[in-house]
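Spelled out, the chains give:
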Protein chains: 2
Amino acid sequence: MKTSNSTFEEIGKILSSAGKVLIFPHVNADGDAIGSSAALCRVLRKMGKDAFILIEDDIAGNLKFLDDGLTTFDMDALDADVSVCVDCGETGRFPKRADKFMEAPVTVCIDHHGTSKGFCTYNHIDPGAAATAQLIFRLIKAMGVEIDKQIGEAIFAGILTDTGSFRYSNTQKETHLIAAELYDSGIDAATVAQEIFETMRMERLRIESRAIETMATLHGGKAVLAYVTQKMLEETGASMDETEGVVGQLRSIAGVELAVFMKEYGPEEIKVSLRSKKYVDVAEMSSHFGGGGHERAAGFTLRCSMSEAFDRVKEYVMNMAEMK
Amino acid sequence: MKTSNSTFEEIGKILSSAGKVLIFPHVNADGDAIGSSAALCRVLRKMGKDAFILIEDDIAGNLKFLDDGLTTFDMDALDADVSVCVDCGETGRFPKRADKFMEAPVTVCIDHHGTSKGFCTYNHIDPGAAATAQLIFRLIKAMGVEIDKQIGEAIFAGILTDTGSFRYSNTQKETHLIAAELYDSGIDAATVAQEIFETMRMERLRIESRAIETMATLHGGKAVLAYVTQKMLEETGASMDETEGVVGQLRSIAGVELAVFMKEYGPEEIKVSLRSKKYVDVAEMSSHFGGGGHERAAGFTLRCSMSEAFDRVKEYVMNMAEMK
């Protein structure tokens with residue numbers, strides 16, 4: 001049901017004529033979801049609208065600086081004329097708020113995911129954009145509202161997050177041009193970067209270290225495997241999501257082509273994350289084990305013990321033709 | 001003896017009329033020194049000059065991709081018409097090559113360090129530039145040479161290094177504008193970033209983990225102390241310089257104001273690195289122990305055992321008025 005995109009001018013008009021607007025970032029919101037939401041919310045309030053970001057789960061600690069009376073858990077905060085979902089393209093990404101979203105007479109979706117459904121009255125979906133925040137930037141320009149420091153920093157936070165600080169291949173010329181323009185609004189880019197990238201729980205550092213200590217190499221260091229167990233989480237006080245950076249650290253080792261990180265979610269539930277650098281197709285490896293993903297990042301789940309899972313994965317990697 | 005800056009047009013003319021040019025990055029060259037040198041060397045060769053980057057120590061592993069027949073250790077590689085030092089502003093930064101540098105009838109310095117001496121025939125020193133690579137970019141534009149993919153990637157590498165991937169406060173609007181323009185020359189920015197930031201020895205990850213495991217907190221987590229011993233280095237196979245990132249990791253913990261990292265260089269030689277986030281003056285703490293530094297980054301050396309050093313530092317931190 002994906003429809004052709006509405007222009008930012010059309011969406012801008014809809015928002016300009018609304019009185020009450022609710023903004024819906026996805027659950028487990030990242031810097032792009034919160035940054036995009038915060039920028040849009042501030043713009044709408046600047047225009048005199050009643051606007052809130054409706055959330056259903058806590059904002060991550062390192063993103064709280066972007067919220068300043070913008071978010072609410074209160075489903076009755078307002079009856080919106082327009083609902084806007086950002087950085088997500090289906091109601092399953094905000095399950096507890098789905099009914100509330102659809103209640104509004106007009107719905108809008110602004111997203112950069114290729115999987116976006118285009119399910120709203122107005123949709124602007126651009127998988128070519130490095131971040132949804134880039135689309136919000138363009139929308140604000142189309143609406144003719146001046147980007148102040150706080151709006152600029154929210155947009156910058158979104159870009160910084162989704163481009164991995166301008167390092168990922170999704171970064172475009174336009175990304176840098178937007179960043180340059182944001183400097184004109186007086187953003188303190190270094191502080192935004194510090195808030196986002198340098199605010200981690202001590203438990204996270206501890207679990208990362210414990211996981212790194214489990215490293216085992218194969219094929220003379222071309223493949224590296226590591227794992228985390230429930231016991232390790234208990235001992236460090238960390239949560240499983242605090243291990244999300246480990247597989248990237250494994251891949252960053254010189255000479256490593258394939259990084260495998262195995263996470264024990266339960267006694268018979270091992271989630272395996274795969275990353276490759278240049279030539280190993282991890283989507284193929286993942287599909288062998290019933291999972292999915294992309295060429296350079298994929299994953300699958302095994303229903304067995306960690307030690308059995310480790311052996312099965314190790315054996316597979318030992319026999320990979322590409323690694324020989 | 002700092003003189004007023006020569007313009008890029010003047011320096012461009014000098015280089016254009018030269019036949020043989022030697023380029024001098026500083027010792028322990030970082031991405032900006034090598035990136036700037038490589039970009040300039042490629043431009044000069046493109047113009048038909050004999051040009052080399054003369055070095056006296058090995059290029060770091062993660063920067064080797066920038067070199068492709070550009071560097072030489074051979075002091076007799078050529079007798080230069082013009083010597084150019086980049087990203088440094090005194091001969092002490094290339095001690096073994098100092099005489100060779102001064103032998104050329106014309107010398108040029110292009111640098112962004114405020115401490116630069118302006119000791120050359122022509123100097124362009126701009127402490128406001130985020131990276132020397134930005135100055136090289138402007139020089140190349142003044143010389144009218146087209147920036148191709150390889151030149152662009154060398155400049156990008158310099159910028160990426162010295163701005164911490166566009167995160168440091170030295171990053172300017174112009175930095176992003178240059179990055180945007182480099183995309184026009186077809187740079188593969190993601191690969192450059194991967195080479196620079198994602199090429200670390202496994203031993204480095206191991207020693208970082210071991211050091212993180214020694215973390216002890218004081219003042220309810222506002223201060224954190226960690227250490228590394230010779231034994232830990234032996235067990236992991238890492239070198240001491242591979243622990244350079246640890247103190248930054250300690251500081252990046254949420255709630256931490258003061259990070260202390262203690263390195264055992266010898267049985268009676270403990271070097272202590274200090275970092276603070278917002279309000280603790282670590283230069284003051286450092287001077288108490290006979291060291292020096294800045295408000296947010298300082299260090300000192302203790303001539304005692306690790307356990308004695310740890311106790312002394314811990315006691316001092318326990319009694320710091322600012323932490324209470």
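Structural data are supplied above this passage.
Below, the structure is looked at part by part. Note that the structure is a prediction, hence the values are computed from the model and not measured.

So, on to the overall build of chain A. A tally of helices and strands in chain A yields 12 helices and 12 strands. Taken over C-alpha atoms, the radius of gyration comes to 21 Å for chain A, in line with the 20 Å a tight globule of 324 residues would show. Projected onto its principal axes, the C-alpha coordinates of chain A cover approximately 60 × 40 × 40 Å. When each of the 324 residues of chain A is scored for burial, the buried share is 56%. Carbon and sulfur atoms provide 47% of the accessible area of chain A, an area that totals close to 13000 Å².

The next thing to look at is the interface of chain A and chain B. The interface is formed by 39 residues belonging to chain A together with 41 residues belonging to chain B. Interface area, chain A with chain B, both sides summed: about 3800 Å², of which 59% is carbon and sulfur. The tally of links from chain A across to chain B stands at 12 residue pairs in polar contact (both at pLDDT 80 or more). Listed by contribution, the elements that provide at least two residues to the side of chain A that touches chain B are helix H6 (173-184), helix H7 (189-197), helix H8 (202-212) and helix H10 (246-251) of chain A. Broken down by element, the side of chain A that touches chain B gets its largest block of residues, seven residues, from H6 of chain A.

Residue and element names in this part refer to chain B. The geometry of helix H5 (residues 149-162) relative to helix H6 (residues 173-184) is characterised by a closest axis approach of 10 Å and an angle of 155° between their N-to-C directions. The orientation of H5 with respect to H6, classified from their angle, is roughly antiparallel. Seen along the crossing, H5 lies across H6 with a hand that is left-handed. Residue-level inspection shows Gly152, Ile155, Phe156 and Ile159 of H5 in contact with H6, the latter providing Thr175, Ile178, Ala179 and Leu182. Of the residues assigned to the contact of H5 with H6, the class counts are six nonpolar, two polar and no charged.

The next point concerns helix H4 (residues 132-143) of chain A. Owing to its 3.6 residues per turn, the α-helix aligns residues three or four sequence positions apart on the same side. Residue and element names in this part refer to chain A. Taking 1.5 Å as the rise per residue, H4 with 12 residues should run 16 Å; its terminal C-alpha atoms sit 16 Å apart, in good agreement. The element H4 is extensively covered by neighbouring structure, given that nine of its 12 residues are classed as buried. Of the residues flanking the end of H4, it is glycine 144, one or two places downstream, whose phi is positive at about 75°.

With that settled, the discussion passes to the relation of the copies chain A and chain B. When chain A is fitted onto chain B, the two copies agree to an RMSD of 1.1 Å after a turn of 180° and an axial shift of 0.2 Å. With respect to symmetry, the two chain copies, as superposed, fit the operation of a two-fold axis.

Moving on, we come to the pairing of strand E4 (residues 82-86) of chain A. All names here are of chain A. Summarising burial for E4: five of the five residues are buried, a large majority. Of the two faces of E4, both are covered, the one formed by Val82, Val84 and Val86 as well as the one formed by Ser83 and Cys85. Bridge analysis of strand E1 (residues 20-25) against E4 gives five bridges, and the strand direction is parallel. Residue pairing across strands places leucine 22 opposite serine 83, the latter belonging to E4. Two strands pair when backbone bridges link them, and E4 and strand E5 (residues 106-111) are joined in this way by five bridges, in the parallel orientation. By the bridge assignment, valine 84 is partnered in E5 with valine 108.

What follows concerns the sheet that holds strand E9 (residues 258-266) of chain A. Hydrogen bonds between backbone groups are what pair the strands of a sheet, and the pairing can be parallel or antiparallel. Residue and element names in this part refer to chain A. The strand order E7-E8-E9-E10-E12-E11 describes an open sheet built from six strands, whose pairing is mixed. Strands with a single pairing partner mark the edges of an open sheet, and in this sheet they are strand E7 (216-218) and strand E11 (292-293). Across six bridges, the pairing between strand E10 (residues 269-276) and strand E12 (residues 297-302) is antiparallel. By the bridge assignment for E12, valine 272 is matched with phenylalanine 300. Strands E7, strand E8 (223-228), E9, E10 and E12 of the sheet are contacted by helix H12 (residues 306-318), whose axis makes an angle of about 160° with E9.

A few words on a negative patch on the surface. Residues and elements named next belong to chain A. The grouping of Glu268, Glu308, Asp311 and Glu315 at the surface amounts to a negative patch. By the secondary structure assignment, glutamate 268 is in the loop between E9 and E10. According to the relative accessible area criterion, glutamate 268 is partly exposed, its value standing at 46%.

What follows covers the side chain of glutamate 257 of chain B. Residue and element names in this part refer to chain B. Looking at the element boundaries, glutamate 257 is found in the loop between helix H10 (246-251) and strand E9 (258-266). From its side chain, glutamate 257 meets the backbone nitrogen of tyrosine 279 in a polar contact 2.7 Å long. In this view, glutamate 257 contacts Lys222, Arg275, Ser276, Lys277, Lys278, Tyr279 and Val280; residues no more than four positions away in its chain are not counted.

Take the environment of lysine 117 of chain A next. Turning to its location among the elements, lysine 117 of chain A is positioned in the loop between E5 and strand E6 (122-125). Classification of lysine 117 of chain A by relative accessible area gives partly exposed; the value is 41%.

Mapped onto the elements, phenylalanine 310 of chain A comes out in helix H12. Between the alpha carbons of phenylalanine 310 of chain A and methionine 262 of chain A there is a distance of 7.7 Å; along the sequence they are 48 residues apart.

On to the sheet that holds strand E3 (residues 71-72) of chain B. All names here are of chain B. Read from one edge to the other, the open sheet built from six strands follows the order E3-E2-E1-E4-E5-E6, with strand pairing classed as parallel. Two strands bound the open sheet, and with one partner strand each, they are E3 and strand E6 (122-125). Inspection of the sheet shows strand E5 (residues 106-111) paired to E6 by four bridges, in the parallel sense. Looking at E6, one finds that isoleucine 110 is bridged to histidine 124.

With that settled, the discussion passes to the nonpolar core. Across soluble globular proteins, you tend to see nonpolar side chains buried next to one another. Formed by 112 residues in total, the largest nonpolar core has its most connected members in Leu15 and Ile155 of chain A together with Leu15 and Ile155 of chain B. Residue contacts for isoleucine 155 of chain A: discarding those within four places in its chain leaves Gly35, Ala39, Ala133, Phe137, Ile140, Ile147 and Leu182 of chain A.

Definitions and limits used
- Residues numbered from 1 in each chain as written.
- Chains lettered and ligands numbered in written order.
- Predicted model: local features only at pLDDT ≥ 70, side-chain atom pairs only at ≥ 80, totals over all residues.
- Heavy atoms only, no water.
- Helix = DSSP H or I, 4+ residues; strand = E, 2+ residues; numbered from the N terminus.
- Rg over C-alpha atoms; globule rule 2.2 N^0.38 Å.
- Buried < 20%, exposed > 50% of the residue type's maximum accessible area, 1.4 Å probe, protein only.
- Areas by Shrake-Rupley, 256 points an atom, 1.4 Å probe, with all protein chains shown as cover.
- Contact = heavy atoms within 4.5 Å.
- Buried area = accessible area lost by both parts, 1.4 Å probe.
- Polar contact = N/O pair within 3.5 Å; in protein donor to acceptor, adjacent residues only side chain to side chain.
- Axes fitted to C-alpha atoms, helices over the stretch in contact; angles between N-to-C directions.
- Parallel < 35°, antiparallel > 145°, perpendicular 65-115°, else oblique.
- Left-handed = near helix turned anticlockwise from the far one by under 90°.
- Nonpolar A, V, L, I, M, F, W, Y, C, P; charged D, E, K, R; others polar.
- Expected span 1.5 Å × (residues − 1).
- Least-squares fit on C-alpha atoms with pLDDT ≥ 70 in both.
- Pairing = 2+ DSSP bridges.
- Patch = residues over 30% accessible without salt bridge, like charges linked within 9 Å, V, L, I, M, F, W, Y side chains within 5 Å.
- Salt bridge = Lys/Arg side-chain N within 4 Å of Asp/Glu carboxyl O.
- Lys, Arg positive; Asp, Glu negative; His and termini not counted.
- Charge placed at Lys NZ, Arg CZ, Asp CG, Glu CD.
- Core = buried A, V, L, I, M, F, W, Y, C linked by side-chain atoms within 4.5 Å.

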